[in-house]
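These are the residues of each chain, in order.
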Amino acid sequence: MRQIHHQISVSTSGRGMREITQEIRQWVRSSGIRSGMLTVFMRHTSASLLIQENADPTVQADLERFFARLVPDGDPIFHHRQEGADDMAAHARTALTQIHLAIPVADGVPALGTWQGVFVYEHRYESQQRHVMLHLIGE
Amino acid sequence: MRQIHHQISVSTSGRGMREITQEIRQWVRSSGIRSGMLTVFMRHTSASLLIQENADPTVQADLERFFARLVPDGDPIFHHRQEGADDMAAHARTALTQIHLAIPVADGVPALGTWQGVFVYEHRYESQQRHVMLHLIGE
Amino acid sequence: MRQIHHQISVSTSGRGMREITQEIRQWVRSSGIRSGMLTVFMRHTSASLLIQENADPTVQADLERFFARLVPDGDPIFHHRQEGADDMAAHARTALTQIHLAIPVADGVPALGTWQGVFVYEHRYESQQRHVMLHLIGE
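Everything quoted here is computed from the prediction, not taken from an experiment.

The rules behind each value
Starting afresh in each chain, residues are numbered from 1 along the sequence in its written order. Working convention: letters from A go to chains and numbers from 1 go to ligands, in the order in which they are written. Side-chain atom pairs in this predicted model are given and counted only at pLDDT of 80 or more, local residue features only at pLDDT of at least 70, and totals for whole chains, interfaces and linings cover all residues. In this description a helix means any DSSP run of H or I spanning at least four residues, a strand means any run of E spanning at least two, and both kinds are numbered starting from the N terminus. Based on C-alpha atoms, the radius of gyration is set beside the globule rule, defined as 2.2 Å times the residue count to the power 0.38. Any residue with 12 or fewer other C-beta atoms within 10 Å of its own C-beta is exposed, any with 20 or more is buried, and the rest are partly exposed; the C-beta atoms used are placed from the backbone. Contacts are defined on C-beta atoms placed from the backbone: any two residues whose C-beta positions lie within 7 Å are in contact. Note on residue categories: nonpolar means Ala, Val, Leu, Ile, Met, Phe, Trp, Tyr, Cys or Pro, charged means Asp, Glu, Lys or Arg, and polar means any other residue, Gly included. In this description, a line fitted to the C-alpha atoms serves as the axis of each element, helices being fitted only across the stretch in contact, and the angle between N-to-C directions of two axes falls anywhere from 0 to 180 degrees. With the far helix as reference, a near helix turned anticlockwise by less than a right angle produces a left-handed crossing, and one turned clockwise produces a right-handed crossing. All copies are superposed by least squares; the fitting set is the C-alpha atoms of residues with a pLDDT of at least 70 in both. Nonpolar core, as used here: buried Ala, Val, Leu, Ile, Met, Phe, Trp, Tyr and Cys residues forming one set through C-beta atoms within 7 Å.

A. Geometry of the overall build of chain A. Regarding its fold elements, chain A presents 3 helices and 8 strands. Starting at the N terminus and walking to the C terminus, you meet the elements of chain A as β-β-α-β-β-α-α-β-β-β-β. Since a compact globule built from 139 residues should have a radius of gyration of about 14 Å, the 16 Å found for chain A is in line with a globular shape. With the C-alpha coordinates aligned to their principal axes, the bounding extent of chain A is approximately 50 × 30 × 20 Å. When the 139 residues of chain A are sorted by exposure, 52% land in the buried category. When contacts within chain A are restricted to residue pairs at least 6 apart in sequence, long-range pairs at least 24 apart make up 82% of them.

In C-alpha cells, the structure reads:
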C-alpha cells in the first residue's frame, strides 16, 4: 500500500464549471496505482467541486441559473461584501456544494459512472487560479 | 493494511429515499476489516446519497417535500429536459446532496451515530437500478 | 502505512458555527503521521460540518442568515416536529451541508488553503455536546 499527493492549478474563466476529469484520469494513470481511493480537495472558499452529467453542456448552464437564483448576488442579508456582490454569494454556493470528492479507483481509473464528470465550479465573476489537491492511496 | 472494493446494486421505487445501512453493515462485517475507512460512492448523476435520521420515517417525507419545493420539477429555467420534468431537477438535487460518503469503521462496524442511517436518494420518478461502489481500507 | 481513530467532543452554544481547526491541527501534529488523509465525521443528524472562510466572522453570520431563510424553522411542510420548530429544519440544513470532510495531510498539517477553517455547524437552538470522529491514515 502506498500513497501520492499532487497539486494541480486550474485556470477558471470566471463564474461557471470547468471539467477536470481528463487531468485527473491522466494523473491516476501515471501514478501506477491501479486500485485505491482518490481524494480531490479544493483549497479555496469561493470555488467548489461537483460530480455532474458531462454529456450535455446544457446541464452546466441550467445548474448555474439554478444557483444564481438560489443564492442572489449582492443579497441585502449579506454583510460580507468587501470584494463585491459575488463575494458572499460565492461562500454560500461553496457551502451548498463540495470542497472534496472521494472517488474509488479500480483497474487504474477513477470508477466514475458513464455520465459522471468532475468539475471545478468557479463562483467568482473574474478568472482565478484555483489550487486543487489530489491524494491517492492504494496499490 | 489492506483494501477491498465491492459494488452493490440498489433497486429504487421511484423518487424517494431507500435505506441501505444494513447492506453496508453486513458487507463491512464480512470483509474481516475491523478498523479503517469506508467510502460509499454513487455512480449516477440523478440519484445521490445521504446520512439522515432513520428512526422516524416522517423525516424522509419532510425532506422530499423540502427538495420538491427547493428544486421545482420542470422549472422554466431548466433547458435540459430530454427525459422529462424530473431530468434536470434530479441533477440539481444531486448537486445539493452527496455523491460520496466517508464513514470511519471501528470495532468492525461503521461508526454511525445512534440516529444515523445511510440512504440512497432517488430523484427520478421511475424505478431505477443504481450502482453504488463500496471501498474499505484498514486492517 | 498506519491509521489512528480519535473522537472529540465539541460543546456548541446553540445554533451557529464553531471553529475546530486548531483542535484538528493539534491532533494531527500529535499523531506523528506527516503525510496522509484525514477524515472528519459528524455522528449526529442535526449538526453538520463545513469548511469556510475563517478570517471575517461576518461570513458565519451571513451564512446563518442564508440558511435560516432557505430552511424556515417550523415550516408547515415539516411534520417531524417532536423536538420543536428547529427539529426538522436541522435535518434539512444537515442534508444541504456536510456530514464528513476529507482533508489531505502534507508536511504534518491538514493542507487547508489560506482562508479555510473547519467548522461544526450546530442547527439546534440549544447547546449540545457533539461527537466528531477523526480518522487519519498515512505515514
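There is more to say after this.
B. Structural context of the interface of chain C and chain A. Between chain C and chain A, the contact holds 31 residues from the first and 24 residues from the second. When residues of the side of chain C that touches chain A are traced back to their parent elements, those giving at least two are β3 (36-42), β4 (47-53), α2 (58-70), β5 (100-106) and β8 (129-138) of chain C. With 8 residues, the top contributor of residues to the side of chain C that touches chain A is α2(C). Tallied by class, residues from the side of chain C that touches chain A come to 18 nonpolar, 8 polar and 5 charged.

C. Focus on the packing of helix α3 (residues 87-96) of chain A against α2(C). Relative orientation of the contacting elements α3(A) and α2(C) amounts to 65°, with a least axis distance of 10 Å. Like other packed secondary-structure pairs, α3(A) and α2(C) cross with a definite hand, here right-handed. Taking contact as the criterion, the partners of A:M88, A:H91, A:A92 and A:A95 in α3(A) are, on α2(C), C:V59, C:D62, C:L63 and C:F66. Of the residues contributing to the contact of α3(A) with α2(C), the split by class is 6 nonpolar, 1 polar and 1 charged.

D. Broad picture of the relation of the copies chain B and chain A. The two copies are related by a screw operation: chain B maps onto chain A through 120° of rotation and 0.0 Å of translation along the axis, at an RMSD of 0.0 Å. Seen this way, the second copy is the image of the first under a three-fold rotation axis. Measuring from the rotation axis to each C-alpha of chain B, the shortest distance belongs to B:L96, at 3.4 Å. Comparing interface residues between copies, only 17% of those in chain B also sit at the interface in chain A, which points to a heterologous contact through distinct surfaces.

E. Structural detail: the interface of chain B and chain A. Across the boundary between the two partners, chain B contributes 24 residues, which contact 31 residues of chain A. For the side of chain B that touches chain A, the elements supplying multiple residues, two or more each, are β1 (2-11), β3 (36-42), α3 (87-96), β5 (100-106) and β8 (129-138) of chain B. The dominant element in the side of chain B that touches chain A, judged by the number of residues it contributes, is α3(B), at 5 residues. Residue classes in the side of chain B that touches chain A are distributed as 12 nonpolar, 11 polar and 1 charged.

F. Representation of the nonpolar core. By size, the foremost hydrophobic cluster in this structure holds 120 residues, and its most contacted members are A:V40, A:L49, B:V40, B:L49, C:V40 and C:L49. Ignoring anything within four residues of it in the chain, the contact list for A:L49 reads A:V40, A:M42, A:Q98, A:I99, A:H100, A:L101, A:F119, A:V120 and A:Y121.

G. Structural context of the relation of the copies chain C and chain A. For the pair chain C and chain A, the relating rotation is 120°, the translation along its axis is 0.0 Å, and the fit reaches an RMSD of 0.0 Å. The overlap is low: 13% of the interface residues of chain C also sit at the interface in chain A, so different surfaces are used on the two sides.

H. Geometry of the environment of C:A92. Residues and elements named next belong to chain C. With respect to the helices and strands, A92 occurs in helix α3 (residues 87-96). Judged by local crowding, A92 falls into the buried class, with 26 C-beta atoms found within 10 Å. A sequence separation of 31 residues divides A92 from H123, and the C-alpha atoms of the two residues are 9.6 Å apart.

I. Main features of the environment of A:H6. All names here are of chain A. Checked against the element boundaries, H6 lands in strand β1 (residues 2-11). Separated by 73 residues in the primary sequence, H6 and H79 have C-alpha atoms spaced 36 Å apart. Those residues within four positions of H6 in sequence are excluded, and the remaining contacts are W27 and L134.

J. Region of the structure containing the environment of B:G84. Within the secondary structure, B:G84 sits in the loop between α2 (58-70) and α3. Owing to 14 C-beta atoms within 10 Å, B:G84 belongs among the partly exposed residues under this scheme.

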